[in-house]
Structure formats: C-alpha cells, structure tokens
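Below are the chains, spelled out letter by letter.
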Amino acid sequence: MRLSTKGRYAVTAMLDLALNGTEGPVTLADISENQGISLSYLEQLFAALRGKGLVRGVRGPGGGYYLGRPADEISIADVICAVDEWVEFTRCNPRPSSADTQRGMTHSLWDDLSQQIYDFLTGITLADPVKRGLEREADRKQSKSADDLLDLNHRAA
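Residues numbered from 1 in each chain as written. Predicted model: local features only at pLDDT ≥ 70, side-chain atom pairs only at ≥ 80, totals over all residues. Heavy atoms only, no water.

*Asks:* Even after reading the chapter, I still don't get the overall build of the chain, so can you show me in this structure?
*Replies:* Scanning the chain from N- to C-terminus turns up six helices and two strands. Reading the helices (α) and strands (β) of the chain from amino to carboxyl end gives α-α-α-β-β-α-α-α. A separation of at least 24 residues holds for 66% of the contacts in the chain among residues at least 6 apart in sequence. (Helix = DSSP H or I, 4+ residues; strand = E, 2+ residues; numbered from the N terminus. Contact = heavy atoms within 4.5 Å.)

*Asks:* Is there a simple way to explain the packing of helix H1 (residues 5–20) against helix H4 (residues 76–83) in this structure?
*Replies:* Helix-helix packing is described using two parameters, namely the angle between the two axes and the distance between the axes. In the contact formed by H1 and H4, the axes pass within 9 Å of each other and the chain directions differ by 130°. One way to sum up the angle between H1 and H4 is to call them oblique. Our pair here, H1 against H4, has a crossing hand that is right-handed. Along its contact with H1, which presents Lys-6, Gly-7, Ala-10, Val-11 and Met-14, the element H4 presents Ile-76, Val-79, Ile-80 and Val-83. Residue classes in the contact of H1 with H4 are distributed as seven nonpolar, one polar and one charged. (Axes fitted to C-alpha atoms, helices over the stretch in contact; angles between N-to-C directions. Parallel < 35°, antiparallel > 145°, perpendicular 65-115°, else oblique. Left-handed = near helix turned anticlockwise from the far one by under 90°. Nonpolar A, V, L, I, M, F, W, Y, C, P; charged D, E, K, R; others polar.)

*Asks:* Can you help me understand the pattern of salt bridges in this one?
*Replies:* Opposite charge on two side chains lets them pair, provided their charged atoms get close. This structure, assessed with the given rule, holds two salt bridges. In this structure, Glu-137 and Arg-140 form a salt bridge, with 2.6 Å as the shortest nitrogen-oxygen distance. In this pair, Glu-137 and Arg-140 both sit in helix H6 (residues 127–156), three residues apart, roughly one turn of the helix. (Salt bridge = Lys/Arg side-chain N within 4 Å of Asp/Glu carboxyl O.)

*Asks:* Before we go on, may I ask you to explain the pairing of strand E2 (residues 64–67) in this structure?
*Replies:* Along a regular strand, successive side chains alternate from one face of the sheet to the other. Taken together, the four bridges between strand E1 (residues 55–58) and E2 define a ladder with antiparallel strand orientation. Directly across from Val-58, in E2, lies its bridge partner Gly-64. Between the end of E1 and the start of E2, which pair antiparallel, lie five residues, with Gly-60 showing a positive phi angle near 90°. (Pairing = 2+ DSSP bridges.)

*Asks:* Just checking my understanding: could you explain a nonpolar patch on the surface for this structure?
*Replies:* On the surface, Leu-109, Trp-110 and Leu-113 cluster together into a nonpolar patch covering about 260 Å² of accessible area. If you trace the backbone, Leu-109 turns up in helix H5 (residues 100–122). (Patch = residues over 30% accessible without salt bridge, like charges linked within 9 Å, V, L, I, M, F, W, Y side chains within 5 Å. Areas by Shrake-Rupley, 256 points an atom, 1.4 Å probe, with all protein chains shown as cover.)

*Asks:* I'm lost on the nonpolar core in this one. Help?
*Replies:* Grouped burial of nonpolar side chains is what soluble globular proteins tend to show. Residues Met-14, Phe-46, Leu-49, Val-79 and Leu-126 are the most contacted members of the largest nonpolar core, which totals 30 residues. At the level of elements, H1, helix H2 (28–35), helix H3 (39–51), E2 and H4 are the ones that each hand at least two residues to this core. Contact partners of Leu-49, with chain neighbours within four places excluded, come to Met-14, Leu-54, Val-55, Val-79, Ala-82 and Val-83. (Core = buried A, V, L, I, M, F, W, Y, C linked by side-chain atoms within 4.5 Å. Buried < 20%, exposed > 50% of the residue type's maximum accessible area, 1.4 Å probe, protein only.)

*Asks:* It is not clear to me how H3 should be interpreted in this structure. Could you clarify?
*Replies:* The α-helix advances 3.6 residues per turn, and as a result positions three or four apart in sequence lie on the same side. Taking 1.5 Å per residue as the helical rise, H3 with its 13 residues ought to reach 18 Å, and the 18 Å between its terminal C-alpha atoms agrees with that figure. Restricting attention to buried positions, one finds in H3 the residues Leu-42, Leu-45, Phe-46 and Leu-49. Summarising the axial view, the buried residues of H3 lie within an arc of 100°, below the 170-degree limit, and thus occupy one face. With respect to the buried face of H3, the exposed residues turned more than 90 degrees away are Gln-44 and Gly-51. Looking at the packing, one finds that the buried side of H3 touches H1, H2, E1, E2 and H4. Just beyond H3, the residue with positive phi is Gly-53, at close to 75°. (Expected span 1.5 Å × (residues − 1). Arc of directions from axis to C-beta.)

So far we have only geometry, and geometry alone does not tell us how the molecule works.
And the structure:
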C-alpha cells in the first residue's frame, strides 16, 4: 500500500472536520486555512468523500460539512480508500518467466504486508487521533500550569 498525497490530505481534512465539526458545519475554506490545503483540491477530495457517505454537506449561509457518520465509525482506511484506490505494493508482470516462483514468493510477501497495513489502518478511527491530540493538549496545559505554580513558589521563597 502506498499512501498518496491525496490520501494524506483527505485524512488531514477529515481529522480537521472531526475536531472542529462538533459545533456546526465546517467550511472547506476553514479547513483550507487550518491545514494549508488548496480549496480546489479539497473540493475534489470532498466530492469523493461525499460520494462514499463519509461527509455530508449543508448548503447556504452557515453551511459547510459534517462527518457522514460518527468519528468512531470512520476508519483511516475508509478515508484513504474513498479518495484513492488502494494501491498494492505488488506490480504483477503479465509475462511469465523462469523467475515466476521467486516473483510469486515476493508477490505474496508484498500482498501480506499490504494487508497488514490495511488491517492496521482499519483499526484506527478518526476519533482515535483526535482523542490522543486532545489528551496531549490537556497534559501540556496541566504541565505548564504546574511549572507556572512552581515558578511562583520559587519567586516567593
């Protein structure tokens, strides 16, 4: 499996939507600004994501996009496969040769690896990295608060 730019940008945009779409629809312009992805590219990606039911759009003033399903029901593999065909590591050679047995073994290895990657990404939902990011941010704020308190105590002493 090869993760293309299209797949990476789609995952990034969907994570932005999962993080920021809880209060209302998120515009592609907002995602573009937040993530540094061109608006026209996002429009292409979201057409594919909408076609697979991963996002739904709301038209008009105050419109934008919502996730099509809860974040914990959308896997990273779902997003990648929606915008890009799953690209296998293997490249089959249609012409038989004396090295077919060796190629068959190599082909099998890459098929297995591709399946492992797919299975791994299927096991990660949009909610997982969002939750980890929010936890890290809370830990960082808590650590900063503790450092600030220690600094105040040190100054008072």
